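Chain and residue survey
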Amino acid sequence: SAVISQKPSRDICQRGTSLTIQCQVDSQVTMMFWYRQQPGQSLTLIATANQGSEATYESGFVIDKFPISRPNLTFSTLTVSNMSPEDSSIYLCSVQLSSGARGTQYFGPGTRLLVL
Amino acid sequence: GESVGLHLPTLSVQEGDNSIINCAYSNSASDYFIWYKQESGKGPQFIIDIRSNMDKRQGQRVTVLLNKTVKHLSLQIAATQPGDSAVYFCAENRGDSWGKLQFGAGTQVVVTP
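Residues numbered from 1 in each chain as written. Chains lettered and ligands numbered in written order. Predicted model: local features only at pLDDT ≥ 70, side-chain atom pairs only at ≥ 80, totals over all residues. Heavy atoms only, no water.

Digging into the sheet that holds strand β7 (residues 68–72) of chain A
Residue and element names in this part refer to chain A.
- Taken in spatial order, the four strands make up an open sheet running β1-β3-β8-β7, and their pairing is antiparallel. The sheet is open, and its two edges are formed by β1 (4–7) and β7, each paired on a single side. For this sheet the average axis-to-axis angle between neighbouring strands, irrespective of direction, equals 15 degrees.
- Pairing between β1 and strand β3 (residues 19–25): four bridges, direction antiparallel. Within β3, the position partnered with Q6 by the bridge is C23. (Pairing = 2+ DSSP bridges. Helix = DSSP H or I, 4+ residues; strand = E, 2+ residues; numbered from the N terminus. Axes fitted to C-alpha atoms, helices over the stretch in contact; angles between N-to-C directions.)

Below, the structure is given as structure tokens:
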């Protein structure tokens, strides 16, 4: 498995501002993912963030709203831009240790965001 | 679109009994499935996985069954303990989707003494 940390663990933000969430892994991984989990709901994939390439976004998510950086094999950031109350969610990063098409994903503890 | 869903949103189980959590999937191209456990305030924790070339896989106190004919997945927890109280998610992965997981709605398991 992998040890994954996220910062901040939680935050309360004002609408119109932006928040950058950090994800740190204790080993080098090729495949990292960002998910959103709205209150009481399941997880929805936002984007895939692989090192050395631009992040690929899922339907309904755009780079201007959720810019992602992946500067190296152990770190990634997700920014939630121009926030509104609808962005209040848990944001989770995950990593896949194997480099193949499929494999077990391990999740960070999440960042709990409340937008007022 | 195609999705993964669960039959029961809440499952109440007496301590010591066996739990069965069900999941239906509709994407016939999915070939890898994972069960996750999410405790309150934490991220999902990997429990067990199964590939589509298998119909059963066992772990410690857990068993996953896969029925591709009816597109059904289940997680069995033996001798359920209070620490098993959590939300359980199934997730599917298509071989051509390079790691992208699609999650089911989740089942809240409540273990009663």
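Focus on the interface of chain A and chain B
- At the interface, 24 residues of chain A touch 22 residues of chain B.
- For the pair chain A and chain B, the two sides together bury roughly 1700 Å², of which 54% comes from carbon and sulfur.
- Run the count over chain A and chain B and you get one salt bridge.
- Put simply, K100 of chain B and E58 of chain A hold a salt bridge, and the shortest N to O gap is 3.1 Å.
- In this assembly, chain A and chain B are joined by seven residue pairs in polar contact (both at pLDDT 80 or more).
- Elements supplying a minimum of two residues to the side of chain A that touches chain B: β4 (31–37), β5 (43–50), β9 (89–96) and β10 (105–107) of chain A.
- If you tally residues by element for the side of chain A that touches chain B, the top one is β4 of chain A, at four residues. (Contact = heavy atoms within 4.5 Å. Buried area = accessible area lost by both parts, 1.4 Å probe. Salt bridge = Lys/Arg side-chain N within 4 Å of Asp/Glu carboxyl O. Polar contact = N/O pair within 3.5 Å; in protein donor to acceptor, adjacent residues only side chain to side chain.)

A few points about the nonpolar core
- With 25 residues, the main nonpolar core has W34, I46, Y91 and L113 of chain A as its most contacted residues.
- At the level of elements, β3, β4, β5, β8 (75–80), β9 and β11 (111–115) of chain A are the ones that each hand at least two residues to this core.
- It is β3 of chain A that provides the largest number of residues to this core, a total of four residues.
- Discounting residues that sit within four places of it in the chain, Y91 of chain A has contacts with Q6, I21, Y35, R36, I46, F66, L78, V80, G110, T111 and L113 of chain A.
- Membership of the second largest hydrophobic core comes to 20 residues, among which are C23, Y25, L73 and Y88 of chain B. (Core = buried A, V, L, I, M, F, W, Y, C linked by side-chain atoms within 4.5 Å. Buried < 20%, exposed > 50% of the residue type's maximum accessible area, 1.4 Å probe, protein only.)

Observations regarding the pattern of salt bridges
All names here are of chain B.
- Within the structure shown, the criterion is met by five salt bridges over all chains.
- Across the pair R61 and D84 runs a salt bridge whose closest N-O atoms are separated by 2.9 Å. Here the residue R61 occupies a position in the loop between β6 (56–58) and β7 (62–67), and D84 occupies one in the loop between β8 (72–77) and β9 (86–94), the gap between them amounting to 23 residues.
- Given a relative accessible area of 6%, D84 falls into the buried group.

Side note on the confidence of the model for chain B
- Per-residue pLDDT for chain B averages 89, and the proportion of residues at 70 or more is 89%.
- Here strand β1 (residues 4–6) of chain B stands out as the least confident element of chain B, with mean pLDDT 47; β7 of chain B is the most confident, with 98. (pLDDT = per-residue confidence, 0-100.)

Topic: the side chain of S88 of chain A
Residues and elements named next belong to chain A.
- Its place among the elements puts S88 in the loop between β8 and β9.
- A polar side-chain atom of S88 sits 2.9 Å from the main-chain carbonyl oxygen of P85.
- Engagement of the side chain of S88 in a polar contact is seen with the backbone nitrogen of V115, the distance being 2.9 Å.
- When sequence neighbours within four positions are dropped, the list of residues in contact with S88 reads P39, L113, L114 and V115.

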